[in-house]
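# Close look at the chain arrangement
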Protein chains: 2
Amino acid sequence: MEEERSSRRRTGGIRMRDVAERAGVSTMTVSRALSEPAKVSQEMRERVIRAVEEVGYLPNLLARSLSSSRSTTVGLIVPSIDNSIYTQTLKGLSVVLRSRGFQLMIAESGYDPSEEEDLVAAFLTQRVSGLVLHNIEHTDRARALIRQAGVPVVENGNLPPEPLDMAVSYSNREAAKAMTLHLGRLGYRKIAFASLFAHNNDRSRDRIEGYRAALTELGQTPDPRLIVETSRGLASGAEAVVRVVQAVPEVDAFFCAGDVLAVGALFECQKRGWVVPRRIAIASFDDVDLLRHVSPAVTTLRLPRYGIGERTAQMLLGRILDDAEYLRGSVVDLKFEIIQRESA
Amino acid sequence: MEEERSSRRRTGGIRMRDVAERAGVSTMTVSRALSEPAKVSQEMRERVIRAVEEVGYLPNLLARSLSSSRSTTVGLIVPSIDNSIYTQTLKGLSVVLRSRGFQLMIAESGYDPSEEEDLVAAFLTQRVSGLVLHNIEHTDRARALIRQAGVPVVENGNLPPEPLDMAVSYSNREAAKAMTLHLGRLGYRKIAFASLFAHNNDRSRDRIEGYRAALTELGQTPDPRLIVETSRGLASGAEAVVRVVQAVPEVDAFFCAGDVLAVGALFECQKRGWVVPRRIAIASFDDVDLLRHVSPAVTTLRLPRYGIGERTAQMLLGRILDDAEYLRGSVVDLKFEIIQRESA
DNA sequence: TTGTATGCGTTATCAA
DNA sequence: TTGATAACGCATACAA
């Protein structure tokens, strides 16, 4: 009879109320038995669990989140989703978040700050309880939205001078600088640098800066002809070699700070019959499996990709669940490591 | 005054009600102006939009979804998140879903059917309006949950004989068979097959089956010593060659139906000084960029990875938004293509 | 330890 | 075209 008063037709599935009726208890008891089992007697707990199974109840997290104003989703925005460099970080994030019952929402900004802004708004609209951004550059409105919403955020791809909130990364600048210095110490004098396009890419820009800083420290003046910007991929690495060699034939080292560029460069050198590293050294920026298996194996930087995801999730959860281990402004530098192999 | 009656402290941000007050209209008018602008007069629409901007309102999708019992999230479950073969599909999904305002939630099952079941439950708990599964094997409970919830589902990694609902894929069996036949027609007689572990992996199993079927069609009896199962990665490909060659020295072709295995195999052959394809042919299963750039370039299968994601999203949206283009039981075979290169 | 009343922020429904 | 009201399914606050 009461039911008839409703002006809306129910479309959903089984509700907590159905479980409550089945178990002969109130919905609050069901709610507690499921969310805070300790606050319910042994007997009730069992009765509720049985009823849940009998009626095939799946809690409605939308309702739970709305009512408690706490959600269990986290949003991740990466520049490009079809980029294997994110997969390890994604895995670290996913493993840790899932262990606490959180779900990951993912989107790509296409290296476009205004698209990132839209995605931030979209995620806030979804009421995510945390955000992970692979950028450190954001539009003013994106910053304002995040500040106003008050959600914890972790920036990932680089160490931000002015963090939005928290950050976990290595320093692109320091990494590029370290490898360049390493090459310098090995005796290479004409060190070329192949970078990914730096437009709307703070990581690329910082790497170029690090390279320049190293040269300066080595007492050299950076030669613009030794710096090329290109896209991702093997073909780009090869093409970068072609361009540099044309301009500066005496180049003796090639540092590729981008995805798989180094392998493309290596193949190109081999095609020319150049012995690596005798004629020209090659170094890379990220320890993808391939670099260890080509011949000669490529000297590179090991970046803490998985750890970044893992730590990011931990920091986010700490703030969301108020374990209060991490504070606003925490910036964690997970460092990098030079892996010396045969190519340099 | 009315406000004081509340026993709950508001924690959230700006609500539709705030916009309504600002604009001097009811919340319903705001709701309509935002969700169904056509149902509102020109003037109202503008007034509402202005108020939205003035107060900095972001709709609450949790509330919207709860109230309308329609969500704008889709759940994706892949066996392993750190696997580059999914990135293209993920991109296709993401692009199409985002164009309609849908968000993607992603999780990994670790090739464990029971974990997949848990994730299905978790996503249903989140009230996703669609599911994408990369498996075609599911637990009974997972199937029951999905059926009961009535959400549209697309299966992706393979063509399911008994689809849960819809499916978009190519046929792993046919693809492996086609390449094996291709090698047979090229004159290779002792064709080895390196597969990823087939346990809980229907794709791998179907590929092995396809390989066997092709041999039978070629009038050969499959030799178990020519089949190896291994894990992903370059090292595994090399090791697979070692194992097979030890057992069957006269092997003359190596078909690698797994991620990057073929390149590992190629490197191992070259290490042994074997000329490819003169001494031994090599073929692969998926057209990753690398295969085209190694020397000799590797003959492989082109799989419609991006298209699978794109089409999957379209089918899902069709059902969710009731454009009713795709029906239950739709199984779309996006086919594959043999890319003939130098290695075979 | 359990239950009652109420609200979370939105939309469905019906009336004006 | 607009508004009032009652849900959506759950958790908070408080009473018993």
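Before reading on, note that the structure itself is shown above.
Remember, it's a predicted structure, so these values are computed and weren't measured experimentally.

What counts, and where the lines are drawn
- Residues numbered from 1 in each chain as written.
- Chains lettered and ligands numbered in written order.
- Predicted model: local features only at pLDDT ≥ 70, side-chain atom pairs only at ≥ 80, totals over all residues.
- Heavy atoms only, no water.
- Near = heavy atom within 4 Å.
- Polar contact = N/O pair within 3.5 Å; in protein donor to acceptor, adjacent residues only side chain to side chain.
- Helix = DSSP H or I, 4+ residues; strand = E, 2+ residues; numbered from the N terminus.
- Contact = heavy atoms within 4.5 Å.
- 1 Å grid on protein atoms, 1.4 Å probe; cavity = no way out; pocket = protein on both sides within 12 Å on 5 of 7 lines; lining within 4 Å.
- Points joined across faces, edges and corners; volume = space filled by probe spheres on them.
- Nonpolar A, V, L, I, M, F, W, Y, C, P; charged D, E, K, R; others polar.
- Salt bridge = Lys/Arg side-chain N within 4 Å of Asp/Glu carboxyl O.
- Buried < 20%, exposed > 50% of the residue type's maximum accessible area, 1.4 Å probe, protein only.
- Pairing = 2+ DSSP bridges.
- Core = buried A, V, L, I, M, F, W, Y, C linked by side-chain atoms within 4.5 Å.

## What about the protein's contact with DNA strand D?
Residues in contact with DNA strand D amount to 32 residues; listed here are only the nearest, Met16, Ser31 and Tyr57 of chain A together with Thr29 and Arg32 of chain B. Protein-proximal atoms of DNA strand D, defined as those within 4 Å of the protein, fall in sugar or phosphate at a share of 62%. Arginine 10 of chain A is positioned such that a nitrogen or oxygen atom in its side chain is 2.5 Å from a phosphate oxygen of DNA strand D. Serine 35 of chain A has a polar side-chain atom sitting 3.3 Å from a phosphate oxygen of DNA strand D. Sorting the residues of the surface near DNA strand D by element identifies α2 (27–35) and α4 (61–68) of chain A together with α2 (27–35) and α4 (61–68) of chain B as the ones contributing at least two each.

## Let's talk about the environment of alanine 175 of chain A
Residues and elements named next belong to chain A. By the secondary structure assignment, alanine 175 is in helix α8 (residues 172–185). Along the primary structure alanine 175 and phenylalanine 336 are separated by 161 residues, whereas in three dimensions their C-alpha atoms are 6.7 Å apart. When neighbours within four sequence positions are excluded, alanine 175 is seen to be in contact with Tyr170, Phe285, Leu301 and Phe336.

## Observations regarding the layout of surface pockets
Quantified by volume, the second largest pocket comes out at close to 1400 Å³. Considering the residues around the second largest pocket, the lining is formed by 40 residues, among which Ser84, Asp259 and Val260 of chain A together with Ser84 and Val288 of chain B are closest to the centre. At the level of secondary structure, the elements contributing two or more residues to the lining of the second largest pocket comprise α5 (87–99) and α12 (289–293) of chain A together with α5 (87–99), α12 (289–293) and α13 (305–320) of chain B. A per-element tally of the lining of the second largest pocket places α12 of chain B first, with three residues. In the lining of the second largest pocket, the residues fall into 13 nonpolar, ten polar and 17 charged.

## With respect to the pattern of salt bridges
The full count for this structure, using the stated rule, is 48 salt bridges over all chains. The partner of glutamate 21 of chain A in a salt bridge is arginine 17 of chain A, and the shortest N-O contact between them spans 3.8 Å. Residue glutamate 21 of chain A and its partner arginine 17 of chain A are located together in helix α1 (residues 16–23), separated by four residues, close to a single helical turn. Assessed through its relative accessible area of 54%, glutamate 21 of chain A is described here as exposed. With a closest N to O distance of 2.8 Å, arginine 225 of chain B and aspartate 223 of chain B form a salt bridge. Classification of arginine 225 of chain B as partly exposed rests on a relative accessible area of 43%. Linked through salt bridges whose partners overlap, the residues forming this network are Asp82, Glu108 and Arg232 of chain A together with Lys91 of chain B.

## A few points about the pairing of strand β9 (residues 281–284) of chain B
Residues and elements named next belong to chain B. Burial along β9 is two-sided: the residues Ala281 and Ala283 and Ile282 and Ser284 are all buried. Two elements, strand β8 (residues 253–257) and β9, share four bridges in a ladder whose sense is parallel. Opposite alanine 253, over in β9, you have alanine 281 as the bridge partner.

## Looking at the nonpolar core
Core analysis: the biggest nonpolar cluster contains 151 residues, and Phe254 and Phe255 of chain A together with Phe254 and Phe255 of chain B have the highest contact counts within it. Leave out the neighbours within four places in its chain, and phenylalanine 254 of chain B touches Ala192, Ala194, Ala240, Val241, Val244, Ala265, Ile280, Ala281, Ile282 and Ala283 of chain B.

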